[in-house]
Amino acid sequence: MRRTLVILAVLGLLGALAFWFLTDPGLQRAGLEPVPAGEADLANGRTLFFAGDCTSCHLSPNQDDRTRLGGGKPLPSPFGTFYPPNISPHADGIGSWTPEQFLRAMRGGVSPDGRHYYPAFPYTSYQRMRPADVRDLFAYLKTLPAVPGRAPDHALPFPFNVRRGLGLWKLAVLDGKVFEPDPAKSPSLNRGAYLVEGAAHCAECHSARNALGMIPAERRYAGGPNPEGKGFVPNITPDKTGLADWSKGDIAEVLSSGLTPEGDSVGSNMVEVVRNTSQLAPADRDAIAEYIKSLPPRVGRKGPQ
Amino acid sequence: MLRTVLLTAALAVGATAVLAQGDPIATRKQTMKGVGDATKIGSAMAKGEAPFDAAKAKEILQVYANAADKMHNYFPENSKTGGETTAAPTIWQNQAEFRKRFDDWAAEIKKASAQTDNLDNFKAAFGNLTKACGGCHETFRIKKS
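Residues numbered from 1 in each chain as written. Chains lettered and ligands numbered in written order. Predicted model: local features only at pLDDT ≥ 70, side-chain atom pairs only at ≥ 80, totals over all residues.

Engineer: Would you take a moment to explain the overall build of chain B for this structure?
Structural biologist: Counting its regular elements, chain B contains six helices and zero strands. Along chain B, from the amino end to the carboxyl end, the secondary structure elements read α-α-α-α-α-α. Within chain B, the proportion of its 145 residues that are buried is 40%. Taking as baseline every contact in chain B between residues at least 6 positions apart, the subset at least 24 positions apart corresponds to 72%. (Helix = DSSP H or I, 4+ residues; strand = E, 2+ residues; numbered from the N terminus. Buried ≥ 20, exposed ≤ 12 C-beta atoms within 10 Å, placed from the backbone. Contact = placed C-beta atoms within 7 Å.)

Engineer: Is there a simple way to think about the interface of chain B and chain A in this case?
Structural biologist: By a frequent convention, interface size equals the accessible area lost on bringing the separate parts together. Contact residues are listed per partner, giving 19 residues for chain B and 23 residues for chain A. Sorting the residues of the side of chain B that touches chain A by element identifies helix H2 (24-46) and helix H6 (119-140) of chain B as the ones contributing at least two each. Across the side of chain B that touches chain A, the residue classes tally to three nonpolar, nine polar and seven charged. (Nonpolar A, V, L, I, M, F, W, Y, C, P; charged D, E, K, R; others polar.)

Engineer: I tried to follow the environment of His206(A) on my own but got confused; where do I start?
Structural biologist: Residue and element names in this part refer to chain A. Note on placement: histidine 206 falls in the loop between helix H8 (187-197) and strand E3 (224-225). Residue class for histidine 206 comes out buried when judged on the 24 C-beta atoms lying within 10 Å of it. Once the C-alpha coordinates of histidine 206 and isoleucine 251 are considered, the two residues, 45 residues apart in sequence, prove to be 15 Å apart. Sequence-distant contacts of histidine 206, that is, excluding residues within four places in its chain, are made with Tyr221, Gly223, Val233 and Ile236.

Engineer: What exactly am I supposed to notice about the packing of helix H2 (residues 42-51) of chain A against helix H6 (residues 131-141) of chain A here?
Structural biologist: Pairs of packed helices are described in terms of their axes, by the angle between the two and the distance that separates them. All names here are of chain A. Following both chains from N to C, one finds H2 and H6 inclined at 90°, their axes separated by 7 Å at the closest point. Relative to H6, H2 is oriented roughly perpendicular. Two secondary-structure elements touch here, H2 through Leu42, Asn44, Gly45, Arg46, Leu48 and Phe49 and H6 through Asp133, Asp136, Leu137, Ala139 and Tyr140. By residue class, the composition of the contact of H2 with H6 is six nonpolar, two polar and three charged. (Axes fitted to C-alpha atoms, helices over the stretch in contact; angles between N-to-C directions. Parallel < 35°, antiparallel > 145°, perpendicular 65-115°, else oblique.)

Engineer: Help me out: how do you make sense of the nonpolar core in this one?
Structural biologist: Across soluble globular proteins, nonpolar side chains have a tendency to be buried as a group. Ranked by internal contacts, the top residues of the largest apolar core, which has 57 residues, are Met106(A), Leu195(A), Val196(A), Ile251(A), Ile288(A) and Ile292(A). Setting aside its immediate chain neighbours within four residues, Ile292(A) contacts Val196(A), Ile236(A) and Ile251(A). Leu61(B), Ala112(B), Phe122(B) and Cys133(B) belong to the second largest nonpolar core, which has 30 residues in total. (Core = buried A, V, L, I, M, F, W, Y, C linked by C-beta atoms within 7 Å.)

Engineer: Quick question: what am I supposed to make of H2(B) here?
Structural biologist: Each α-helix turn comprises 3.6 residues. Residues three or four places apart therefore point the same way. Here H2(B) spans 32 Å end to end across 23 residues, near enough to the 33 Å set by a 1.5 Å rise per residue. After H2(B) finishes, the residue Gly48(B) shows a positive phi value of roughly 80°. (Expected span 1.5 Å × (residues − 1).)

Engineer: Help me understand the packing of helix H5 (residues 95-112) of chain B against H6(B) in this model?
Structural biologist: Residues and elements named next belong to chain B. Look at H5 against H6: their axes get within 10 Å of each other, and the N-to-C directions meet at 175°. On the basis of their axis angle, the class for H5 and H6 is roughly antiparallel. Listed contacts from H6 to Phe98, Arg101, Trp105, Glu108, Ile109 and Ala112 of H5 are Ala125, Asn128, Leu129, Ala132, Cys136 and Phe140. Taken together, the residues of the contact of H5 with H6 break down into nine nonpolar, one polar and two charged.

Shown next as structure tokens:
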């Protein structure tokens, strides 16, 4: 009896040690690379700011100025409610951050104080971004108004409130690989793929997730239940349950005006996305459309939920 | 062809106004379908895919005006669910704001009625009017594919 207890205690201790070791944010290597030298390109930073749809989550609520990124607007999810933080250049936001810390946050999902971020912050996509682009984005954010105030803590039930546990999840989903252009494809298709898979993080909403919150390859871009509440996020692959009937021009148009080929308009939180994508250069919207059209068709579901 | 589409849409809106008491979900869907069909035509003209036609521009605005005027009637308390509706609960939680959006839109449509004389004016007016679509669908419609 006593022997069993000792063995159990030792096993428990080993388990705890393994957990502690495997969930160490230091195991995440993405975002630890040096920030590329040279002056930041603010115009490029602005492009990535709008492609990245930062405002959708970080905009200060109940006001109209789209450059005030004080955070705090509740983001509901199946895992609990998140309160996106202040990312304005105030001391309550990213005002005292270094470019290295920002790169680490964006690509590795690790905060300046060495903790894991929840993947409601889509670093699973941002890991594909080139470090120089992340540097430019940081420089652009620093030009926006400084907004005081900190968002409330996330309201998450156990076990999701154990931040450290995210380390295991991240080991499974983060490979830290920067997007690699395919030399066999056109520059515009590569540009579209880079934006869609990286900054624009389209797959994060337009894919159904499994019970572990991961996106299985066969469901990528095929739509799924709205993670933020009622309804259904559409399939954007060129399948008949998706955008098979849409031309490249139709996709570029919806990202510009929000109008679909049927004369409908997009709704819900895609409206905010369009407010951002409409600010991109037409060539970037065309590139995104070209890449979306090139996705493998996958069966999703059609119709409202 | 276009005339027929617009006329049918206008007639459908008129006819379904009578039906609204019976099946508000079907009525509002049909009304919005009419708006969508008109928008499709307007969009083609604005993008230069179809020749600009001042008469068509006017008809589009008529379809819009009719919808702006009547839509809010088609959301009685007993029509929150059913019929694959994509109406969001926010409509009933914030009736005043919901109504106001249609009134604001109606005011914009009225202003735009002086802008159907040439393509440039129409483009500006059409862009402005269709902006309202997203603003309202953002808050008052659930996600759909």
